[in-house]
Amino acid sequence: DVSSRGSMLLESGLWRNTAKCREVDPTVFFPIGSTGSALRQIEAAKAVCINCSVKDLCLEFALKTNQDSGVWGGASEDERRQIRRDRNRARRKVS
């Protein structure tokens, strides 16, 4: 999860101004499908995210706003679904 300072940045949306993806064609981050050439496109998007200073904020934004499509914060659609399941499972254990 994101720190309290990160949470403020997340809410403001200012993190987007320094995102590495701003320098890349946005279609790279929204592959169609999850096999073949789409897998290569997902890996290309993740390669941009890997060195991005706001990767964690981007991922948290995608999780909080239920972004279903594309690569956000270095995580594919399937990976974000798994993160949501894991977090929900952890919350249920705490309750």
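Quick notes on the overall build of the protein
Assigned secondary structure in the protein consists of four helices and zero strands. Overall, the protein shows an N-to-C arrangement of helices and strands of α-α-α-α. Taken over 95 residues, the protein has a buried fraction of 31%. In the form shown here, the protein has an accessible surface area of approximately 6400 Å², with 52% of it arising from carbon and sulfur atoms.

A look at helix H3 (residues 55-64)
Taken across its 10 residues, H3 has seven buried, putting it largely inside the fold. Along H3, the residues that are buried comprise Leu57, Cys58, Leu59, Glu60, Phe61, Ala62 and Leu63.

Topic: the environment of arginine 84
Assignment of secondary structure puts arginine 84 in helix H4 (residues 77-94). Measuring from C-alpha to C-alpha, the distance between arginine 84 and asparagine 66 comes to 9.4 Å, with 18 residues separating the pair along the chain. Sequence-distant contacts of arginine 84, that is, excluding residues within four places in its chain, are made with Ala62, Leu63, Asn66 and Gln67. A distance of 3.4 Å separates a polar atom in the side chain of arginine 84 from the backbone oxygen of glutamine 67.

Quick look at the pattern of salt bridges
One pass over the structure, following the stated rule, counts four salt bridges. Between glutamate 79 and lysine 46 there is a salt bridge; the shortest N-O distance is 2.7 Å. Note that glutamate 79 is positioned in helix H4 and lysine 46 in helix H2 (residues 37-49), a separation of 33 residues in sequence. Judged by relative accessible area, glutamate 79 falls into the partly exposed class, the value being 32%. Look at lysine 46 and you get buried, because its relative accessible area is 17%. Arginine 89 is paired through a salt bridge with aspartate 86; the nearest N and O atoms lie 3.1 Å apart. With arginine 89 and aspartate 86 both in helix H4 and three residues apart, this pair spans about one turn of that helix.

Quick look at the packing of H3 against H4
Geometry of a packed helix pair, given as the angle between the helix axes and the separation of the axes. Two elements in contact, H3 and H4, have axes whose closest approach is 11 Å; the angle formed by their N-to-C orientations is 75 degrees. Here H3 lies roughly perpendicular to H4, going by the angle between them. Between H3, through Leu59, Glu60, Ala62 and Leu63, and H4, the contact on the second element is made entirely by Arg80, Ile83, Arg84 and Arg87. Tallied by class, the residues present in the contact of H3 with H4 amount to four nonpolar, no polar and four charged.

Here is what the cut-offs are and how they apply
Residues numbered from 1 in each chain as written. Predicted model: local features only at pLDDT ≥ 70, side-chain atom pairs only at ≥ 80, totals over all residues. Heavy atoms only, no water. Helix = DSSP H or I, 4+ residues; strand = E, 2+ residues; numbered from the N terminus. Buried < 20%, exposed > 50% of the residue type's maximum accessible area, 1.4 Å probe, protein only. Areas by Shrake-Rupley, 256 points an atom, 1.4 Å probe, with all protein chains shown as cover. Contact = heavy atoms within 4.5 Å. Polar contact = N/O pair within 3.5 Å; in protein donor to acceptor, adjacent residues only side chain to side chain. Salt bridge = Lys/Arg side-chain N within 4 Å of Asp/Glu carboxyl O. Axes fitted to C-alpha atoms, helices over the stretch in contact; angles between N-to-C directions. Parallel < 35°, antiparallel > 145°, perpendicular 65-115°, else oblique. Nonpolar A, V, L, I, M, F, W, Y, C, P; charged D, E, K, R; others polar.

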